[in-house]
Amino acid sequence: MTDEFDAHRPYLHAVAYRILGSHADADDAVQEAWLRLARTGSEGIDDLRGWLTTVTSRICLDTLRVRGRRGEEPLELLVGSLSDDADPSREVLLAESVGLALYVVMDALTPAERVSFVLHDVFEVPFDAIAGVLGRSTAATKMLASRARSRVRLGRPSAADQAAARQVIDAFLAAAGRGDVAALLTVLAPDIELRAAGTLIRGATAVATQATTFARPDAVVHPALIDGVPGVLVTVGGRPVTVMAFTVTSGVVTRISTLTDPARLAQIVPSWVA
């Protein structure tokens, strides 16, 4: 049974990671799926991959629901000065099959929408199987995926919106670098959310206060396109340490999503940065 599970482990991690957006949370979900299989045994399970997909997806669904009730925790992020040789034509393109910026959009989805979208559109799981995961009818599950798909598509900004957002992001970075809370509050939405894997800070005052701790003299901020959404890549000594994707609405930042995992950064950041 261990060998059978290990054969499916990479697939299960991929499912959990694309639903949750965190390798650590995905590892936890896969481990919990193994524990449940170990308790029940594989006897009587005709389609082990399908069973494990259902179990892992339900664990992820529970994790998404719990996330919304988590308290605030400090973040370790770095903000320096914009690179003097920043050139829009050399902006960094950071993308995976489901990129960081897509998670900015997906964070606005309900847990059920997110699970149905990822399972069907990324892994081609049939809607009737997803309905079993969610405890909904097949028709309702199709509607959830369709609604999520529409919201994800609408979340990609136009070129004009990107240019306007870049100005707001630059103002945020400049104010954060100066430690200017008042200036930060002018570019932050009252209900802004600052998210890292498993971490959430809500509210303009809390985010502005946290942002004043980001500055570090040896950090350099490179303008970046993160899966089509304006953001920044922060490097220290040429080494990537943080990626930040911004959602800007009506001239203020409404959401910041970050990536600081060294292993994942090493996989997706191009070599020209060094």
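Residues numbered from 1 in each chain as written. Predicted model: local features only at pLDDT ≥ 70, side-chain atom pairs only at ≥ 80, totals over all residues. Heavy atoms only, no water.

Undergrad: Please explain the confidence of the model for the protein as it appears in this structure.
TA: When pLDDT is low, close inspection of the predicted coordinates is not appropriate. On average, the protein scores 81 in pLDDT, and the residues at 70 or more come to 78%. Predicted confidence is poor over residues 94–98, with pLDDT under 50, and the contacts of this stretch with residues over four places away or in other chains come to 17 contacts. Note that pLDDT drops below 50 for residues 270–274; the model gives that stretch 10 contacts with residues more than four away or on any other chain. (pLDDT = per-residue confidence, 0-100. Contact = heavy atoms within 4.5 Å.)

Undergrad: Can you help me understand the packing of aromatic side chains in this one?
TA: One pair of aromatic rings is described through two measures. These are the centre distance and the angle between the planes. Under the criterion given, the structure shown has three aromatic pairs. Relative to F123, the ring of Y11 has its centre 5.9 Å away and its plane inclined at 90°; by these criteria the two rings are edge-to-face. Of the two residues, Y11 is situated in helix 1 (residues 2–20) and F123 in the loop between helix 5 (111–122) and helix 6 (127–134); the sequence distance between them amounts to 112 residues. Residue classification places Y11 among the buried residues on the basis of a relative accessible area of 16%. Relative to F246, the ring of F172 lies with its centre 5.5 Å away and its plane at 70°, an arrangement referred to as edge-to-face. Of this pair, F172 sits in helix 8 (residues 159–178) while F246 sits in strand 7 (residues 239–249), and the two are 74 residues apart along the sequence. For the cation-ring pair, R49 lies above Y11, with the distance from its terminal atom to the ring centre recorded as 3.6 Å. (Phe/Tyr/Trp six-rings, centres within 6.5 Å; stacked < 30°, edge-to-face > 60°. Helix = DSSP H or I, 4+ residues; strand = E, 2+ residues; numbered from the N terminus. Buried < 20%, exposed > 50% of the residue type's maximum accessible area, 1.4 Å probe, protein only. Lys NZ or Arg CZ within 6 Å of the ring centre and 35° of its normal.)

Undergrad: Is there a simple way to think about the pairing of strand 7 in this case?
TA: For a regular strand, side chains alternate in direction, first toward one face of the sheet and then toward the other. By the bridge criterion, six bridges tie strand 6 (residues 229–236) to strand 7 in an arrangement that is antiparallel. When the sheet's bridge partners are listed, V236 is paired in strand 7 with R239. Between strand 6 and strand 7, which pair antiparallel in sequence order, lie two residues; one of them, G237, sits at a positive phi of approximately 60°. Note that strand 7 and strand 8 (residues 252–259) share seven bridges and pair antiparallel. Counted as the bridge partner of F246 is I256 from strand 8. The antiparallel pairing of strand 7 with strand 8 creates a hairpin that spans two residues between the two strands, and S250 there sits at a positive phi of about 55°. (Pairing = 2+ DSSP bridges.)

Undergrad: Before we go on, may I ask you to explain the pairing of strand 6 in this structure?
TA: Of all eight residues that make up strand 6, eight are buried, and the element is covered over most of its length. Residues V229, G231, L233 and T235 line one face of strand 6 and the alternating positions P230, V232, V234 and V236 line the opposite face, and both faces are buried.

Undergrad: For this particular structure, what's the right way to read the pattern of salt bridges?
TA: Think of it this way: side chains of opposite charge can pair up when their charged atoms draw near. Counting across every chain of the model gives 11 salt bridges. One salt bridge in this structure joins D62 and R65, with 3.9 Å as the shortest N-O distance. With a gap of three residues between them, D62 and R65 both fall in helix 3 (residues 48–67), about one helical turn apart. On the accessibility criterion, D62 (38% relative accessible area) is partly exposed. According to the relative accessible area criterion, R65 is partly exposed, its value standing at 41%. In this structure, the salt-bridge partner of E113 is R147, at a minimum N-O distance of 2.6 Å. Here E113 is found in helix 5, whereas its partner R147 is found in helix 7 (residues 138–154), with 34 residues between them in sequence. (Salt bridge = Lys/Arg side-chain N within 4 Å of Asp/Glu carboxyl O.)

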